[in-house]
Amino acid sequence: MSQRGVWQLQKLVVSYCNWGGSSRGIRAFMESELPSFKEANPQLEVVTELNRGQHPYLKGLYKNKNERVVSVMNMTPEDVLLCATRLRNSLGRKVVKLKTRHVTKHPSVQGTWTTDMKI
């Protein structure tokens, strides 16, 4: 995703094994979908690396020095493309867990309203 017109994902690392069965989908992705993905995203540097005997993964390196790693073990080429697109569309921020379901600037002293309230 772009923030103020600048794409946040700088580099996408595609790691795979040329022998393992769990890398079958990502090898097919590299033959069929990866060239069109590179053409559609010229702002993105795509690097492939061969890791023999390891499960495949996608690693996204962002401008804010964060990185996200997504395992693509035993996925189809379409699922790998979906994972790569999600990495491209994310901002690279860390996921923050909310303390409550209801977020407001002025919390109620009496509590949040529900439909089960008995008056």
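Read on for an overview of the structure. (Residues numbered from 1 in each chain as written. Predicted model: local features only at pLDDT ≥ 70, side-chain atom pairs only at ≥ 80, totals over all residues. Heavy atoms only, no water.)

Notes on the nonpolar core
Note that soluble globular proteins tend to have their nonpolar side chains buried in a common cluster.
Part 1 of the argument: Membership of the largest hydrophobic core comes to 18 residues, with the highest contact counts inside it found for Leu12, Ile26 and Leu58.
Part 2 of the argument: Looking at this core, the elements that each hand over two or more residues are β3 (9-16), α1 (24-32), α2 (34-40), β5 (57-62) and α3 (77-89). (Core = buried A, V, L, I, M, F, W, Y, C linked by side-chain atoms within 4.5 Å. Buried < 20%, exposed > 50% of the residue type's maximum accessible area, 1.4 Å probe, protein only. Helix = DSSP H or I, 4+ residues; strand = E, 2+ residues; numbered from the N terminus.)

Considering the sheet that holds strand β6 (residues 67-71)
Part 1 of the argument: The sheet built from 4 strands is open, its strands ordered β4-β3-β5-β6 with mixed pairing. Across the chains shown, the open sheet's two edge strands, defined by having one partner strand only, are β4 (45-50) and β6. Looking at each pair of strands side by side, their axes are set apart by 20 degrees on average, direction ignored.
Part 2 of the argument: In terms of strand pairing, β5 meets β6 through 5 bridges, oriented antiparallel. Residue pairing in the sheet places Leu58 in a bridge with Val70 of β6.
Part 3 of the argument: On top of the sheet, α1 reaches β3, β4 and β5; it is set at about 125 degrees to β3, its chief contact. (Pairing = 2+ DSSP bridges. Axes fitted to C-alpha atoms, helices over the stretch in contact; angles between N-to-C directions. Contact = heavy atoms within 4.5 Å.)

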